[in-house]
Amino acid sequence: MFHPSDIVKVAAAVITRPDGSFLLARRPAGKPYAGYWEFPGGKVKPDESLLHALRRELLEELGIHVEHAYPWITRTFTYPHAAVCLHFYRVVQWHGEPYPQENQELSWQFANNVAVEPMLPANAPVLRALDLPPVYAITNAMELGIKLSLTRIEHALQADLRLVQVREKGMMKEALHVFAGEVVKLAHRYGAKVLINEDIRLFREVGADGVHFPSSQLMNLTELPGIDLCGASCHNAEELFQAERLGMSFVVLAPVLPTLSHPESKTLGWQKFATLVRGCSLPVYALGGLRQEDLTTAWEHGGHGIAMMRAIV
């Protein structure tokens, strides 16, 4: 075991191009895990900020000047030789062309089809997180009506929506089964994934891709039910901690802003949202009163993306 003071703090970069590809570097000879692929970055010096360390390391390793980087997830991993705390940033704008300054190999890859190996062990959860899209839609058929809801879902899928949650608390069981099945068919036609809110049996019956657990269900879980894609709703630090402990695929944190359904409810606001997600090991979607134009704001405050109900479907 390593003492907390021995944990090495690292700033790591997910350098992303507009086509969704990101840059990996192969560790050169002479370093631990030589030949393994990793995200560029390096150790944070004493009294150095994470963002400063990221900029310095990428200039030293790749010869690029970071112009815009968003804080993302934090992963702690113990290797035989050291324990590291990896603070990931998504670098979306930089000046210069990445070029190996330290005899390392470079390769642009996609999260759903990484063609280089071996990868550093700490990076497997990061690759899964990168495969999650920036927008998470939540159905609203009880308000819109099933026919109109399905039409809007298809329009959103045509506009590149790739993750949908079927959440219809007041819908009768038979109608929900039919509706969920139609959403799954539509989504799979466009290469998107569907999560079913709470109901594991329905998830299996309609061939969905995952389950989304409400916070009450989340807090009663002792382990995940053997489902590859699991999301959870969180509203505070305790629920976030439980989701991390269980190893959820992602979480939704709400409410960030006032919503139409609960305009008087207490909201987190962006600063509280940022405080809660800082250091979180899971991708976090912001939810509550948000629209597409709030996506950049969510990124700036450490979110993976945004979740929306009325603004999408």
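Cut-offs used in this document
Residues numbered from 1 in each chain as written. Predicted model: local features only at pLDDT ≥ 70, side-chain atom pairs only at ≥ 80, totals over all residues. Heavy atoms only, no water. 1 Å grid on protein atoms, 1.4 Å probe; cavity = no way out; pocket = protein on both sides within 12 Å on 5 of 7 lines; lining within 4 Å. Points joined across faces, edges and corners; volume = space filled by probe spheres on them. Helix = DSSP H or I, 4+ residues; strand = E, 2+ residues; numbered from the N terminus. Nonpolar A, V, L, I, M, F, W, Y, C, P; charged D, E, K, R; others polar. Pairing = 2+ DSSP bridges. Axes fitted to C-alpha atoms, helices over the stretch in contact; angles between N-to-C directions. Buried < 20%, exposed > 50% of the residue type's maximum accessible area, 1.4 Å probe, protein only. Right-handed = clockwise from strand over helix to strand, strands pointing away. Salt bridge = Lys/Arg side-chain N within 4 Å of Asp/Glu carboxyl O. Disulfide = S-S within 2.5 Å. Contact = heavy atoms within 4.5 Å. Polar contact = N/O pair within 3.5 Å; in protein donor to acceptor, adjacent residues only side chain to side chain. Expected span 1.5 Å × (residues − 1).

Participant: Would you mind going over the layout of surface pockets in detail, with residue names and values included?
Facilitator: In this model, the largest pocket occupies a volume close to 1400 Å³. Along the walls of the largest pocket sit 46 residues, with Ala129, Leu130, Asp131, Leu132 and Pro133 positioned nearest its centre. Breaking the lining of the largest pocket down by element, the ones donating at least two residues are β5 (65–78), β6 (83–95) and α2 (124–130). Top element by residues in the lining of the largest pocket is α2. It accounts for five residues. In terms of residue class, the lining of the largest pocket is made up of 26 nonpolar, nine polar and 11 charged.

Participant: Could you give me a rundown of the sheet that holds β5, with the residues and numbers involved?
Facilitator: The four strands lie next to each other as β4-β1-β6-β5, forming an open sheet whose pairing is mixed. Each edge of the open sheet carries a strand with a single partner, namely β4 (41–43) and β5. Strand-to-strand twist in this sheet, taken as the mean axis angle between neighbours without regard to direction, amounts to 20°. Across eight bridges, strand β1 (residues 8–15) lies against β6 in parallel orientation.

Participant: An account of the pairing of strand β10 (residues 193–197) is needed here, citing residue identities and associated values.
Facilitator: Along β10, four of the five residues are buried, which leaves the element largely enclosed by surrounding structure. Where strand β9 (residues 163–166) meets β10, four bridges bridge the pair, whose relative direction is parallel. Counted as the bridge partner of leucine 163 is lysine 193 from β10. In terms of handedness, the path from β9 via helix α5 (residues 173–189) over to β10 forms a crossover that is right-handed.

Participant: Outline the pattern of salt bridges, supporting the account with residue identities and numerical values.
Facilitator: Scanning the model with the defined rule gives 13 salt bridges in all. One salt-bridge network, held together by shared partners, links Glu48, Arg56, Glu57 and Glu60.

Participant: Can you explain the state of the cysteines? Please cite residues and give values.
Facilitator: Tallying each qualifying case throughout the model produces zero disulfides. Here cysteine 85 stays free of any disulfide, with the sulfur of cysteine 280 as its closest cysteine sulfur at 12 Å. Its relative accessible area of 15% is what places cysteine 85 among the buried residues. Just so you know, cysteine 230 is unpaired, no disulfide at all, and the nearest cysteine sulfur is the one on cysteine 234, 13 Å from it. Residue classification places cysteine 230 among the buried positions, given a relative accessible area of 1%.

Participant: Which residues make up the environment of arginine 27, and what values do they have?
Facilitator: Relative to the elements of secondary structure, arginine 27 occurs in the loop between β2 (22–26) and β3 (37–38). Taking the C-alpha atoms as reference points, arginine 27 and glutamate 238, 211 residues apart in sequence, are found 37 Å from one another. Not counting chain neighbours up to four residues away, the residues in contact with arginine 27 comprise Pro32, Tyr33, Ala34, Gly35, Tyr36, Glu38 and Leu120. A polar side-chain atom of arginine 27 sits 3.0 Å from a polar atom in the side chain of glutamate 38.

Participant: Provide a residue-level description of helix α4 (residues 146–158), including the pertinent values.
Facilitator: Since one α-helical turn is 3.6 residues long, residues separated by three or four positions face the same way. For α4, which comprises 13 residues, the first-to-last C-alpha distance of 18 Å matches the rise-based estimate of 18 Å (1.5 Å per residue) to within 8%. Buried residues belonging to α4 abut α3 (141–144) and α5. Directly after α4, the chain includes aspartate 160, whose backbone phi takes a positive value near 90°.

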